[in-house]
Amino acid sequence: MQLLWLCLRFPQLPLDQAPLNQPFQEQPSRNRFSAAPCPEKPSPEVACPDSDQHESLEQRPSGTATTEHRDTAPRVVVERQRIQFASASARAAGIDIGMSLNTALALCKDLQALPRNRQQEAASLQALAHWCYQFTPCVSLRAAQPEADQDTPNDTLLLEISTCLRLFHGLDSLLQQINSGLQQQGYCCVASLGHTPQAAWLLGAVADLNPLTSNGGIKPDCAEQELDNDFFLARVRQVPLPLLPLSDKQQRQLRQVGFKTLGDLLDLPRASLARRYSKALARQLDKISGAEIDLQYYIQPHRHFFSERHYLSGLTSVAMLQHPLQELLQELHRFLLDGQLQCQGFSWRFYHFDKSASELAIELSTAQNQYQNFLNLSLLKLHGFRVHAPVETVQLHSSMLLASQAHSRPLFSELGLQARHDRAQLLDTLHTRLGRERLYQLVCLDEHLPEYRQAMVSSGMPATGMPATGVPAASSPGGTPPASPLPLWLLPQARRLGPNLTQLEIISGACRIDSHWWRQRQQRSYFIARDQRGSHWIYYDAERRQWFLQGHFG
């Protein structure tokens with residue numbers, strides 16, 4: 001089977017994921033850690049939300065995030081006081097890569113200079129890899145340049161897409177979906193195809209040899225040809241030799257001999273090439289041509305979600321928090337759908353300019369992946385939140401992820417599926433508005449004595465299989481739960497009856513319980529008795545030699 005590799009390079013990744021000054025007119029940073037562990041932050045003072053004062057949620061930001069807005073403000077990424085990356089508007093102002101920061105500020109007074117954060121770049125690339133997992137399970141973060149400097153961050157994703165072309169209705173449709181998704185997220189991407197991972201990367205470095213256009217579509221002259229190994233190999237042979245990731249010494253040696261293109265090296269016998277230069281060079285050429293398999297390490301999705309947004313100017317009201325909440329929840333929703341997962345709870349964390357942090361936790365009664373429900377609960381939680389200081393960072397985190405459970409939908413709506421959904425939604429709304437400590441539910445307990453068989457517990461606790469507080473699980477020698485029907489109404493405490501039971505008529509046999517021998521032994525014989533007022537549940541206590549009324553039947 002012929003493999004087809006798609007190479008996605010992000011040459012402006014530090015600019016694409018860096019924070020912006022205007023959060024609603026320009027897109028905020030996308031430091032998404034969808035499958036990466038939550039980064040360590042200093043432990044700031046956590047400020048509790050004030051329920052007495054809150055902002056109005058009726059106002060909504062009016063701007064939308066587009067790539068065009070990103071290019072209007074001149075922006076650069078600085079490392080060691082040197083310009084490493086510059087936006088199109090910054091380059092138009094005369095700012096070049098490698099220029100000192102002071103010189104750049106002298107050329108453009110409105111320049112936004114951002115420090116480079118390699119950790120955020122790696123996290124963003126990791127998040128992009130997991131986003132690509134929805135298209136193919138073969139996604140690699142491994143650098144396509146084996147001889148590249150270890151300090152040079154990788155900006156490349158490799159996707160093997162030959163096995164998923166039929167699922168996405170052909171190569172054109174798949175490329176369109178990938179490029180459309182990347183554009184919506186605001187990333188600048190250079191896509192290229194190849195029959196091997198390194199061939200795809202090399203063809204992407206030369207625009208004329210790349211079979212894909214700058215927009216990620218197939219070039220018209222390539223669409224009429226069959227994209228097989230011979231097609232890609234013919235183009236790889238034209239790649240200039242300086243693009244091959246080799247050491248300066250090897251590049252100089254090959255240049256002195258007269259080699260100019262990669263095809264000049266591919267024509268040489270591998271054995272003589274290995275003896276004269278190195279075995280690594282011969283193996284690298286075999287991996288480029290496809291004579292040797294280039295093994296890649298594919299990512300594995302993790303059941304953990306973390307994402308954040310940064311805002312340089314800060315968010316000063318609850319209404320301004322709505323936009324990042326919607327973006328992050330949509331991202332969580334896509335993550336759950338792509339990984340076939342469901343969420344049972346998530347938490348918001350807001351970092352302020354005064355080094356404090358506020359946290360809002362939302363727990364769900366049932367695992368789900370409903371975006372609208374997530375958003376409604378988050379907005380409801382914000383009704384009691386006060387922004388005491390501008391918010392610099394908004395984080396969304398969830399580790400309460402479970403595999404999705406498939407449910408068969410009933411043919412008729414009256415069978416109760418919608419009712420169960422409405423019940424869970426009502427519980428989530430009450431929990432978020434009132435708090436779990438204010439909601440209770442009745443549960444059945446594993447006990448023989450009737451007064452211990454039910455209890456009122458917090459609604460957040462499991463509904464079954466709970467032991468009574470301070471009471472061990474029931475284990476009686478020979479005692480079994482009563483087989484007779486239980487009354488609908490149990491008295492809070494058993495009521496002592498007089499010795500004369502002439503007004504009661506016993507209409508059932510005895511049901512005996514012998515339990516709690518480890519604390520205070522209880523030996524009871526239960527009967528159903530009847531009088532003029534109805535049927536009752538009574539028992540005789542053998543230890544105290546008295547009759548008691550336990551409950552009434554309806």
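Note: the structure precedes this text.
Here's the deal with the overall build of the protein
And then number 1: Scanning the protein from N- to C-terminus turns up 16 helices and 22 strands.
And then number 2: Considering the protein as a whole, with its 554 residues, one finds that 47% of them fall into the buried category.
And then number 3: Taking all contacts inside the protein whose residues are at least 6 apart in sequence as the whole, residues at least 24 apart take part in 67%.

A closer look at the sheet that holds strand S5 (residues 82-86)
And then number 1: Ordered by their spatial adjacency, three strands build an open sheet running S5-S4-S6, and the pairing between neighbours is mixed. Here the strands that pair on one side only, and so sit at the sheet edges, are S5 and strand S6 (112-115). Across the sheet, the axes of successive neighbouring strands diverge by a mean angle of 40°, strand direction being ignored.
And then number 2: Note that strand S4 (residues 75-79) and S5 share four bridges and pair antiparallel. Counterpart to Glu79 in the pairing with S5 is Arg82.

Quick look at the sheet that holds strand S8 (residues 156-160)
And then number 1: Spatial strand order, S7-S8-S1-S9: four strands in an open sheet with antiparallel pairing. Both outer strands of the open sheet, strand S7 (139-140) and strand S9 (190-194), are each paired with one neighbouring strand and no more.
And then number 2: For S7 and S8, the ladder comprises two bridges, and the chain directions are antiparallel. The partner of Ser140 across the bridge, within S8, is Leu158.

Observations regarding the environment of Leu13
And then number 1: Along the chain, the position of Leu13 falls in helix H1 (residues 13-16).
And then number 2: A relative accessible area of 3% means that Leu13 is categorised as buried.
And then number 3: Between the alpha carbons of Leu13 and Tyr187 there is a distance of 7.3 Å; along the sequence they are 174 residues apart.
And then number 4: If we skip the residues at most four places from it in the chain, Leu13 touches Glu121, Ser124, Leu125, Leu128 and Tyr187.

So, the environment of Leu167
And then number 1: Relative to the elements of secondary structure, Leu167 occurs in the loop between S8 and helix H6 (171-184).
And then number 2: Residues Leu167 and Phe135, spaced 32 residues apart in sequence, show a C-alpha to C-alpha distance of 9.1 Å.

Section: unusual backbone geometry
And then number 1: One non-glycine residue, Gln340, lies in positive phi territory at about 50°.
And then number 2: By the secondary structure assignment, Gln340 is in the loop between helix H14 (318-338) and strand S11 (341-352).
And then number 3: Judged by relative accessible area, which is 60%, Gln340 ranks as exposed.

Observations concerning helix H9 (residues 229-236)
And then number 1: Where H9 is concerned, the buried positions are Phe231, Phe232, Arg235 and Val236. Buried residues in H9, looked at end-on, bunch into an arc of 130°, giving them a common side.
And then number 2: If you follow the buried residues of H9, they end up packed against S9, helix H7 (197-204), helix H8 (220-223), helix H11 (262-266) and helix H13 (279-289).

Quick word on a nonpolar patch on the surface
And then number 1: There is a patch of nonpolar side chains on the surface, built from Leu426, Leu430 and Leu434 and spanning about 240 Å² of accessible area.
And then number 2: If you trace the backbone, Leu434 turns up in helix H16 (residues 417-434).
And then number 3: Taking the relative accessible area as the measure of exposure, Leu434 reaches 37% and is therefore partly exposed.

What to know about helix H10 (residues 248-257)
And then number 1: Within H10, the full set of buried residues consists of Gln250, Gln251 and Leu254. The buried residues of H10 all sit within an arc of 100° when viewed along its axis, so they share a single face. Exposed residues lying more than 90 degrees from the buried face of H10 are Asp248, Lys249 and Gln256.
And then number 2: Check the buried side of H10 and you find it contacts H11.
And then number 3: Once H10 ends, the next one or two residues include Gly258, with phi positive near 115°.

So, how was this worked out
- Residues numbered from 1 in each chain as written.
- Predicted model: local features only at pLDDT ≥ 70, side-chain atom pairs only at ≥ 80, totals over all residues.
- Heavy atoms only, no water.
- Helix = DSSP H or I, 4+ residues; strand = E, 2+ residues; numbered from the N terminus.
- Buried < 20%, exposed > 50% of the residue type's maximum accessible area, 1.4 Å probe, protein only.
- Contact = heavy atoms within 4.5 Å.
- Pairing = 2+ DSSP bridges.
- Axes fitted to C-alpha atoms, helices over the stretch in contact; angles between N-to-C directions.
- Arc of directions from axis to C-beta.
- Patch = residues over 30% accessible without salt bridge, like charges linked within 9 Å, V, L, I, M, F, W, Y side chains within 5 Å.
- Areas by Shrake-Rupley, 256 points an atom, 1.4 Å probe, with all protein chains shown as cover.
- Salt bridge = Lys/Arg side-chain N within 4 Å of Asp/Glu carboxyl O.

Without other data, these values stay purely geometric and don't point to any function.
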